[in-house]
Protein chains: 2
Amino acid sequence: MRASVIHGHRDVRVEEVPDPRLRYPTDALVRVTHACVCGSDLLGYRNPAPRPQSQRTGHEFIGVVQAVGSAVTTLREGDRVIAPFTWSDGVCPHCVAGLHTSCVRGGFFGQPGSDGAHGEAVRVPFADGTLVTVPEDAEAPPTALLALCDVMGTGHHAALCAKVRPGATVAVVGDGAVGLCGVLAARRLGAERVIVLSSHPDRAAVARRFGASDIVTGRGEAAVESVRELTRGLGAEAVLGAAGTGEALHTALGIARDGGAVGFVGVPRDGNEGIDFRQMFRRNVALSGGVAPVRAHIPELLADVVAGRLDPSPVFDLTVKLDGVPEGFRAMNERRAIKTLIEF
Amino acid sequence: MRASVIHGHRDVRVEEVPDPRLRYPTDALVRVTHACVCGSDLLGYRNPAPRPQSQRTGHEFIGVVQAVGSAVTTLREGDRVIAPFTWSDGVCPHCVAGLHTSCVRGGFFGQPGSDGAHGEAVRVPFADGTLVTVPEDAEAPPTALLALCDVMGTGHHAALCAKVRPGATVAVVGDGAVGLCGVLAARRLGAERVIVLSSHPDRAAVARRFGASDIVTGRGEAAVESVRELTRGLGAEAVLGAAGTGEALHTALGIARDGGAVGFVGVPRDGNEGIDFRQMFRRNVALSGGVAPVRAHIPELLADVVAGRLDPSPVFDLTVKLDGVPEGFRAMNERRAIKTLIEF
């Protein structure tokens, strides 16, 4: 089959790879119908280190089950499925607790030795524990379903970790697809006011469409001041951190109200640098979050998507075919696109 | 009147100071009946920097109202009162939200220009917002009431921030008075199992008396391994961080279960050093806490003290008179005492 492979720094190629096969009785094979490029895919794309071993790209896909292993009980050929970006066995203590990203047998699609989402088919380990079936009669747009693989679930995780409550004033740091989905998630949880930090008019427009009430264009200390001005000097009680730099984390902590919480889901790039622990302590600002267990969130979000109450589709603003994956990476890397959709 | 004054490194003296007077209409004067020395008092005591201006010591006291300003409405002469370690106006947005330690007009007893707890009387700013009255007919031990000024409320805050829930497995890092009160607080909130890190048999004995189920004697990585062994490899879902060093924070994060929370109340001494943010992110471990708004917690805890359901008194293991304050500091500094009670 054909799939996208990363060979090195900014070197993504679509090429012929071995067809995936069922390897374990708990596997399923899924024919990919839609996939997309993630902001976190760009971390590997931008990594200047030499990569002696090529690796598949992508971890967000939806598709149709082609075959299942002998131990798979909840899926059958022809099922439409949503794959969270990590696989998980569904039965370990972490999965049972809803933290599938800590599954003791878990892994990431696209990690070495596994299939990536940017290919015609994917072998899915622990298919019963991993995949979520789309109801047969559901008429949801594929892009809305696809967003549940990562960005919508991750935005929702940020909002939960930031303890967004009905009537809350929320701020979102990061105007990529996750931050924008965070706006949707915060509004869905009842936030009254959602302030988004964005200097990109196209992203700010999507934020507004998703329910943002205020756009702040500055960064760093200027952004902190702007948010404080908008909140009677107090800051936002819930802050969604959807960008992984130390500066973004520092800003997120700075715009939080005393006693508030930052729900952080941007992959950390700078370690502890953005954290001012003494400030957190003095002001009782909590820092929560991490790799989002989207598998736990998909059923709840899917119900809203199927009911037409939730549609994150507008985060996709570039559509390519499989051969266009390298261009999809380039466009996102150069910030010409928010998120690239791959149609098969 | 007589009060304790710190002049420099390990230089605490009891001496004659001006009698406190009502300065603002919102003030009250309180005659101190019982006070105590806090682990955080030792931070100033150990500070080697020269102190050009002497400063009062102590921030934990209970007593009897001697006089109130013209604007005070909820207190009168003769009332028995508990003072939280910070004063607060009770009406600013932070106080209304229950975060009295962020009060825009707040301050700490013993800060420059204010009275400390280690003196015969204290001027209490914003008396209505600050002091909590003890019911007239209450027969609670003074030591139990005194512990509500700081350590019991701070242990409770740690437990709340760590999200202790009924049936929870909890770990406590720090075997000082706050950590020990954290054991009481965790059990009070329904924790089934409380693991305490302690290498001091006398402190471990109090922890057991307060409901600790397991004592771990190692530190650092050894402690992390021991706690994991006790918890089927998972760690504790709620961790109370009651020691302020980077090592203690690092340990607290390390023994937390994936998806768990560290409620941190030890005054940070080493900034960010103890934080491994990538680990927190990968394992979804939350860090919450800060200066405890004990004013918010006193009414609830006081009800339990008065009802005889809660008694943190055993944290006091040395009793002195006012003249013995310097010895009280020395004994705690040398770890000969857990917490020094001062009787007037």
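Below or above, wherever it landed, is the structure these notes cover. Just so we're clear, the structure is a prediction, and the values are computed from it rather than from any experiment.

### Observations concerning the pairing of strand E3 (residues 28-36) of chain A
All names here are of chain A. Most of E3 is tucked away, with 8 of its 9 residues classed as buried. Here E3 pairs with strand E5 (residues 60-68) via 8 bridges, running antiparallel. Opposite leucine 29, over in E5, you have alanine 67 as the bridge partner. Strand direction decides the pairing type here: E3 and strand E9 (residues 121-124), joined by 4 bridges, are antiparallel. Following the sheet pairing, arginine 31 is matched in E9 by alanine 121. With 3 bridges joining them, E3 and strand E18 (residues 340-343) adopt antiparallel strand pairing. Note on E18: the bridge partner recorded for cysteine 36 is leucine 341.

### Things to note about the environment of Ala331(B)
Residues and elements named next belong to chain B. Turning to its location among the elements, alanine 331 is positioned in helix H12 (residues 325-333). You can call alanine 331 buried: its relative accessible area is 1%. Once the C-alpha coordinates of alanine 331 and valine 68 are considered, the two residues, 263 residues apart in sequence, prove to be 36 Å apart.

### Details of helix H12 (residues 325-333) of chain A
All names here are of chain A. Where burial is concerned, most of H12 is hidden: 7 out of the 9 residues are buried. Within the span of H12, buried status applies to Val325, Pro326, Gly328, Phe329, Ala331, Met332 and Asn333. In this structure, the buried residues of H12 make contact with strand E1 (2-8), strand E2 (11-16), helix H1 (39-46), strand E17 (318-320) and E18. One or two positions beyond H12, positive phi appears at arginine 335, with a value near 60°.

### Describing the environment of Asp214(B)
Residue and element names in this part refer to chain B. Residue placement: aspartate 214 occurs in strand E13 (residues 214-216). The exposure class assigned to aspartate 214 is buried, which follows from its relative accessible area of 15%. Counting along the chain gives 13 residues from aspartate 214 to valine 227, while the straight-line C-alpha distance between them is 9.3 Å. Residues contacting aspartate 214, with those up to four places away along its chain left out, are Arg193, Val194, Ile195, Val196, Arg208 and Leu230. Among the polar contacts made by the side chain of aspartate 214, one reaches the side chain of serine 213 at a distance of 2.8 Å.

Each value, and the rule that gives it
- Residues numbered from 1 in each chain as written.
- Chains lettered and ligands numbered in written order.
- Predicted model: local features only at pLDDT ≥ 70, side-chain atom pairs only at ≥ 80, totals over all residues.
- Heavy atoms only, no water.
- Buried < 20%, exposed > 50% of the residue type's maximum accessible area, 1.4 Å probe, protein only.
- Helix = DSSP H or I, 4+ residues; strand = E, 2+ residues; numbered from the N terminus.
- Pairing = 2+ DSSP bridges.
- Contact = heavy atoms within 4.5 Å.
- Polar contact = N/O pair within 3.5 Å; in protein donor to acceptor, adjacent residues only side chain to side chain.

So, to be careful, I would describe these as geometric facts and stop short of saying anything about function.
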